[in-house]
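Spelled out, the chains give:
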Amino acid sequence: MTPDTRRRFLDNPRVLTLAAVLLVGVLAGLFWLSGQTVNIAPQQLSAVLLYTLLPVNLVLLLALVFVLARNLLKLWVEQRQARPFARFRAKLVGALLAMTILPAVLVLVSGSEILRSSADRWFSQPVTEVLTGAKEIASRYYRDQLDQMMLRARKLARVVPAPTIAAGDETGVTPAMKEELSTLSASVIEIYRQPTPGSVPAAVVLVTAAETPSLPIDRVRASGDVLAARTVETRTDQTARDVVLAGGLLLRAATPVLDADGRAVGAVVVSKYIDGELESAAARTEANYEQYIGLRSQKVPILASYLTIFLTSTLLTLIAATWLGLYLAKRITRPVQQLAEGARAIGAGHLEVRLEAETSDELGSLVEAFNMMAAELQMNRAKLEQSRQDLEQKNIEVDERRRYIETILERVATGVISLDAAGRISTMNGAAERLLGIEASSLGKPAQDVFAREDLRALAPLLEAVGRPGERGFVQEVTLTREGREINLATAGTVMAGGAGTVEGAVLVLDDVTPLIRAQRVAAWRDVARRLAHEIKNPLTPIQLSAERMRRHFSGAAPQTQALVGECTDAIITEVEALKGLVDEFAQFARMRGPRMVPTDVNQLIEDTLSLYAGVLQRGTLRIERQLATELPAVRLDAEQIRQVVINLVDNALEALGGPDAGPRPSGEQPMIIVLTMHDARNSLVRLVVSDNGPGVPAADRDKLFMPYYSTKGRGSGLGLAIVRRIIVEHGGGIEVSEAQPAGTTFTVELPAA
Amino acid sequence: MTHRRVAAVVACVVSAVAVLAAAADVKVTPVVNKGNVFASFNASEHWTANLREQLQTGQLVTFDYQAELHRPSTFWPDAVLARTSIAAAAKFDTLIGGYTVTRQRDGRVVRAERVSQDNEVRDWLTIVDQIQFEPESPLKVNNEYYVYVRLVITPRRDVSLFAFLPGGGHDGSGRADFTFILR
């Protein structure tokens, strides 16, 4: 049987009712039994009842001890294990047990004492004395009668000769017998003889018998033979009392008749009739006395029997009350304990826990409320879990979006800087770091401090604008000079306003518009060049033709005139030719075709281009060093135009170093041009660097190097680097010039990798 | 059976004398005669002043002997081959004196007498002579047997808390082992 099945079995009202009825039945049976004890002989009372109930009591006692010990042990274990409500249950059980055991034990003790004192009263000294006295009176009367009978019998035995009796001579004994009988009333005298003296058992025969006329009953002839035989056999006086069927009794006294040798030859039996009334009174007295004495001698067993019945009832009541007390304690504490355990389970997160309402009372309502609470908690937790999953999903999405935006921000060429409400830099993308030349370590620092650097002071108005109250946005184009070159930035500041209108920070957007401005300048110069080519070249031919005509016209003039004209026209024609060449370069710059880009190995292109200088550089000390990166990706480019770029850059370096025959540098170093390539995988760029250790370009002139018609050489059209930049720009790349270390100039060309 | 005959029988089967149980308050003497087993009991230790006093009050005093013939067993409970009961009772006539004594064998009254002397009553109650056992199957020669006698005296004047236990319900007992030898 499982604990649940047992619990349900014990909680079944029918079982409880049956047990109660059974208990009441047993108690009623014991009550009936105690009532029947008056009809049971004392010996039977102790022999049967006592010894039957003793083991029953022992079993009940053991059961009680077992029930108590088991439950107390369970309570102790529960307390040691700090089970919920263990102390409460222990107190409840203790109170209920005290309420049941103490009264029961009190009733048992007091009841036992009452029984004992009652028994003492039953067998009190006065009662004993009365009954003993009555018996003694009856006994004394009987014994007096017997003594008188015995005296008569002895008298006759002396008077009558033994040989006469032995001979059975009736006539010889009759006179003495009748004489003696005349002094008696209601009496019988019988004389017996033993035919065979000395026989065992003795056998006697009646010699003669006589009775008084006043004897109210018919004489029972020879009825004293048994007594006579015993008297003869024992040769001693014997007494007896024989009940007469008609009522009353005969008190008999017998004495032996001895011969001269002392042998019993017969016996004289004298009987006295006691009437029925007297005999009945004596018999009742005797019976009452013997019953009383018997009961008194059985006092202890009888008392023990009643106490056993009482103990049985008490033990049954005690067991029932104890069990009921423990049961009630369980019924009370079990739902509470279940609630506590359920609360613990729910506290531990087991919201699926439900309790079974065992009753429909307040505790049952409490259990139902608990179950409703658990159900609500479970439902809410399910919702919460769903919300958490949704939130987690949202977070994942937001995180992905944030990473996506960060990636975009990191990849875009536009610099983005976010400031918090205190003006500290919160975030900054790579483009901003690159454009402003600041490092990631600036994060968290005040923007005012970071932008206080000399080359970044142009951004101060932007910071001031986003910090002004009420300002929502600010757009400004600033030019920064960093590392000797100008950077044109289109900046925009946007204030991030909170829900309550509070300023939560600002976002600064820095767009490098330097290439755009340069392109705009190049376009402007191309337009100028085209106009110049158009406006200048057209008149040059008539000028040249006119000069030649003048020279032909004055070919016949005086030699002095002819010489003067010839000198002038030659000068005009030479300058016109020079102007034509200049205009042609302009025209070429203006009409330069777009690149035809195909994937090309840049290293191979450089090797091919630099091989052109092999013969030129053999004479001097100048040397071109190649530092070409391995595993350089292919680049989509117009090989012819990039070759022109490389040649232009190398030519400029050669010229800066003093030409192919240049001697050592003033510092003693060997003049050297370094051409290197590298792959910027992060930005997907291929860099081509041409560096020399020449005198370098002043920082103020570096940005002007790529402007058309600007030359530091004092000759040429000044379009070389402008064309180089245009080629590079049309390839989608960029070119920068910087100072080489320790001296010289470095041109860095960036081309997007294929 | 007279005392002389009993003595003769005992003399004939002296080799089958039983070993009397030690420390028994009922002395048991088994006797084998011509293949029959007899036993005599003596419970004179139970004749006490209290008992005599109880008798004098007119109560019927009974010495109930339960005699059993056993075959001992090492591993199993001893087998009971035969059993018989003897009830000796005495009642004092409180009116005229003297005792009425009776004896029953297996519930049947076999003797009833009237005696006047205390020693007669004592012997009547405490001595049982030559009770024959009648086992269903004959005893085996040279085997060990024993006679066990339980005595219950009624009425009881005290209470034994262990009367319901085996051996706890009687007032006295005795045992005598013997070897069954047939001559």
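Everything here concerns the structure above.
Reading the values: the criteria
- Residues numbered from 1 in each chain as written.
- Chains lettered and ligands numbered in written order.
- Predicted model: local features only at pLDDT ≥ 70, side-chain atom pairs only at ≥ 80, totals over all residues.
- Heavy atoms only, no water.
- Helix = DSSP H or I, 4+ residues; strand = E, 2+ residues; numbered from the N terminus.
- Buried < 20%, exposed > 50% of the residue type's maximum accessible area, 1.4 Å probe, protein only.
- Contact = heavy atoms within 4.5 Å.
- Buried area = accessible area lost by both parts, 1.4 Å probe.
- Salt bridge = Lys/Arg side-chain N within 4 Å of Asp/Glu carboxyl O.
- Polar contact = N/O pair within 3.5 Å; in protein donor to acceptor, adjacent residues only side chain to side chain.
- Nonpolar A, V, L, I, M, F, W, Y, C, P; charged D, E, K, R; others polar.
- Patch = residues over 30% accessible without salt bridge, like charges linked within 9 Å, V, L, I, M, F, W, Y side chains within 5 Å.
- Areas by Shrake-Rupley, 256 points an atom, 1.4 Å probe, with all protein chains shown as cover.
- Pairing = 2+ DSSP bridges.
- Axes fitted to C-alpha atoms, helices over the stretch in contact; angles between N-to-C directions.

Moving on: unusual backbone geometry. Residue Pro 742 of chain A is bonded to the preceding Gln 741 of chain A through a cis peptide linkage, with omega at 5°. Within the fold, Pro 742 of chain A resides in the loop between strand 16 (734-739) and strand 17 (745-752). Across the junction of Thr 154 of chain B and Pro 155 of chain B, the peptide omega takes the value -5°, indicating a cis bond. Tracing the sequence through the fold places Pro 155 of chain B in the loop between strand 9 (144-154) and strand 10 (172-179). With a phi angle near 50°, Glu 631 of chain A is a residue other than glycine that sits in the positive phi range. Tracing the backbone shows Glu 631 of chain A in the loop between strand 12 (623-627) and strand 13 (635-637). Taking the relative accessible area as the measure of exposure, Glu 631 of chain A reaches 77% and is therefore exposed. For Gln 130 of chain B, which is not glycine, the phi dihedral falls at a positive 50°.

What follows is about the interface of chain B and chain A. When the parts of a complex come together, some accessible area is lost, and that lost area is often taken as the interface size. Each partner contributes residues to the interface: chain B has 22 residues there, and chain A has 29 residues. Interface area for chain B against chain A, summed over the two sides, is near 2,100 Å², with a carbon-plus-sulfur share of 58%. Applying the counting rule to chain B against chain A returns two salt bridges. Our count for the contact surface shared by chain B and chain A stands at nine residue pairs in polar contact (both at pLDDT 80 or more). Classifying every residue of the side of chain B that touches chain A by side-chain character gives eight nonpolar, eight polar and six charged.

Let's shift gears to a nonpolar patch on the surface. All names here are of chain A. A cluster of nonpolar side chains, Phe 85, Phe 88, Trp 323, Leu 324, Leu 328 and Ile 332, forms an exposed patch at the surface whose accessible area comes to about 500 Å². Tallying contributions element by element places helix 10 (residues 299-347) first for the nonpolar patch, with four residues. Here Trp 323 is to be found in helix 10.

All told, the structure shown has 38 salt bridges over all chains when counted by the stated rule. The residue Arg 402 of chain A makes a salt bridge to Asp 399 of chain A at a minimum N-O spacing of 2.5 Å. Linking Arg 402 of chain A with Asp 399 of chain A, this pair stays in helix 11 (residues 362-411), spanning three residues, or about one helical turn. The shortest N-O distance in the salt bridge between Glu 45 of chain B and Lys 27 of chain B comes to 3.4 Å. Here the residue Glu 45 of chain B occupies a position in the loop between strand 3 (36-42) and helix 2 (49-56), and Lys 27 of chain B occupies one in strand 2 (residues 27-33), the gap between them amounting to 18 residues. Given the relative accessible area of 46%, Lys 27 of chain B is considered partly exposed. Connected via shared salt-bridge partners are Glu 113, Arg 116, Asp 120 and Lys 299 of chain A.

What follows concerns the sheet that holds strand 16 of chain A. Whenever strands of a sheet pair, they do so through backbone hydrogen bonds, lying parallel or antiparallel. Residues and elements named next belong to chain A. The strand order across the open sheet formed by five strands is 12-14-15-17-16, and the pairing between neighbours is mixed. One side of each edge strand has no neighbouring strand; the edge strands of this open sheet are strand 12 and strand 16. Shown here is a sheet whose adjacent strand axes are inclined to one another by a mean of 15°, direction ignored. Examined bridge by bridge, strand 15 (residues 685-692) and strand 17 share seven bridges and lie antiparallel to one another. Within strand 17, the residue paired with Arg 687 across the bridge is Glu 750. Its contacts with the sheet place helix 17 (residues 602-610) against strand 12, strand 14 (672-680) and strand 15, and it is angled at close to 165° to strand 14.

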